[in-house]
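Here are the chains, one letter per residue:
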Amino acid sequence: TLQTTEHTFEVTIDYNKLSLEELIEKVKELNAIENIYSVAKEVETIKSVFYKNLRDEKTASKTSFLEEGGEETAFVFDQKTENNFKSAYNQFKRKKAEYRAKQEKAYASNLHIKKSIIEEIYSLTKGEEKIKDTFEHFRSLQEKWRNTGAVAPAHNNDLWQSYHHHVELFYDYISINRDLRDLDFKKNLERKTDYAKKQKLLIRKNH
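All of these numbers come straight from a predicted model, not from anything done at the bench. (Residues numbered from 1 in each chain as written. Predicted model: local features only at pLDDT ≥ 70, side-chain atom pairs only at ≥ 80, totals over all residues. Heavy atoms only, no water.)

(A) Local environment of the nonpolar core. In terms of nonpolar packing, the biggest core is built from 23 residues, with Leu-23, Ile-46, Phe-50 and Phe-85 touching the most fellow members. Every element with two or more residues in this core is listed here: α1 (20–31), α2 (40–67) and α3 (80–124). Broken down by element, this core gets its largest block of residues, seven residues, from α2. Residues in contact with Phe-85, not counting those within four places in the same chain, are Ile-24, Val-27, Ile-46, Lys-47, Phe-50 and Tyr-51. (Core = buried A, V, L, I, M, F, W, Y, C linked by side-chain atoms within 4.5 Å. Buried < 20%, exposed > 50% of the residue type's maximum accessible area, 1.4 Å probe, protein only. Helix = DSSP H or I, 4+ residues; strand = E, 2+ residues; numbered from the N terminus. Contact = heavy atoms within 4.5 Å.)

(B) Quick look at the confidence of the model for the protein. For the protein, per-residue confidence averages 83 on the pLDDT scale, and 79% of positions sit at 70 or higher. By mean pLDDT, strand β1 (residues 2–4) is the weakest element of the protein at 39, and α3 is the strongest at 95. Segment residues 1–9: pLDDT under 50, and 25 contacts once partners within four positions in sequence are set aside and those in other chains are kept. (pLDDT = per-residue confidence, 0-100.)

(C) Quick peek at the pattern of salt bridges. Going through the model one piece at a time under the given rule, you end up with six salt bridges. Across the pair Lys-86 and Glu-82 runs a salt bridge whose closest N-O atoms are separated by 3.8 Å. Placement of both Lys-86 and Glu-82 in helix α3 is noted, with a separation of four residues, approximately one turn of the helix. We classify Lys-86 as partly exposed; its relative accessible area is 38%. (Salt bridge = Lys/Arg side-chain N within 4 Å of Asp/Glu carboxyl O.)

(D) Just the packing of α3 against helix α4 (residues 131–147), in detail. Taken N-terminus to C-terminus, the directions of α3 and α4 make an angle of 165 degrees; their axes are 10 Å apart at the nearest point. Classified by the angle their axes make, α3 and α4 are roughly antiparallel. When the axes of α3 and α4 are compared, the crossing they make is left-handed. Seen from α3, the contacting residues are Ile-113, Lys-114, Ile-117, Ile-118, Glu-120, Ile-121 and Leu-124; seen from α4, they are Thr-134, His-137, Phe-138, Leu-141, Lys-144 and Trp-145. (Axes fitted to C-alpha atoms, helices over the stretch in contact; angles between N-to-C directions. Parallel < 35°, antiparallel > 145°, perpendicular 65-115°, else oblique. Left-handed = near helix turned anticlockwise from the far one by under 90°.)

(E) Layout of the side chain of Glu-82. Using a relative accessible area of 15% as the deciding quantity, one classes Glu-82 as buried. When near neighbours in sequence (up to four residues on either side) are disregarded, Glu-82 contacts Phe-50, Tyr-51 and Leu-54.

(F) How the structure looks around the environment of Phe-92. Considering the arrangement of structural elements, one finds Phe-92 in helix α3. Taking relative accessible area as the criterion, Phe-92 reaches 1% and is therefore assigned buried. Spatially, the C-alpha atoms of Phe-92 and Asn-31 are 5.7 Å apart, while their sequence positions differ by 61 residues. When sequence neighbours within four positions are dropped, the list of residues in contact with Phe-92 reads Asn-31, Ile-36, Ala-40, Val-43 and Glu-44.

(G) Spatial organisation of the packing of aromatic side chains. Inspection of every chain in the model, using the stated rule, returns 15 aromatic pairs. Ring geometry for Trp-160 and Tyr-163: centres 5.5 Å apart, planes at 40 degrees, overall tilted. With Trp-160 and Tyr-163 both in helix α5 (residues 153–206) and three residues apart, the pair spans about one turn of that helix. Assessed through its relative accessible area of 44%, Trp-160 is described here as partly exposed. Ring plane angle 65 degrees and centroid distance 6.0 Å describe the contact between Phe-170 and Tyr-171, whose orientation is recorded as edge-to-face. The partly exposed category is assigned to Tyr-171, whose relative accessible area is 35%. Taken together, the ring pairs in this structure connect Phe-50, Tyr-51, Phe-85, Tyr-89 and Phe-92 into an aromatic cluster. Of note, Lys-114 hangs over the ring of Trp-145, and the distance from its end group to the ring centre comes to 4.7 Å. (Phe/Tyr/Trp six-rings, centres within 6.5 Å; stacked < 30°, edge-to-face > 60°. Lys NZ or Arg CZ within 6 Å of the ring centre and 35° of its normal.)

What follows is the structure, encoded as structure tokens:
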């Protein structure tokens, strides 16, 4: 029984018990799986078993031919089965190359998107938006980050460190701006209070 998901492939088959034709059919079945990388090890295992069994079959066929009085130079082994396997295996290699190219293209696109998100988060700390609007913008960028797919493993760590660093900078910026806002509010209140006191004094003097 074969159980497949997008990322994993569980095997409960003893390929050594299958005939050459059955091994070819298994490769064809695996070629139909979208994430071809998830079954790559299984295909390579089948290839190893196939060629071992093919050699054994060829040896047995040659031995039988010679025992029946045939000349060694006259022995011919039918290549049809091997050619069928090569056809299925080559299809696997093509799908693997296509999948890799598609994956690398997606990685590159996701890397570009995530770098632009980091730049936008950085720009928020230099903007003149109201804090509420800035924070909403920041939240939408975080959501966009989460919804963007993976990047190549070679870029993953540095990219995450950069993102985390700029998120911290943003929170520092928000905190500072809130402190400044509160300070301005306090100063304005003091000015209003002081102005009100002066107005009261003037009124008293005039009366």
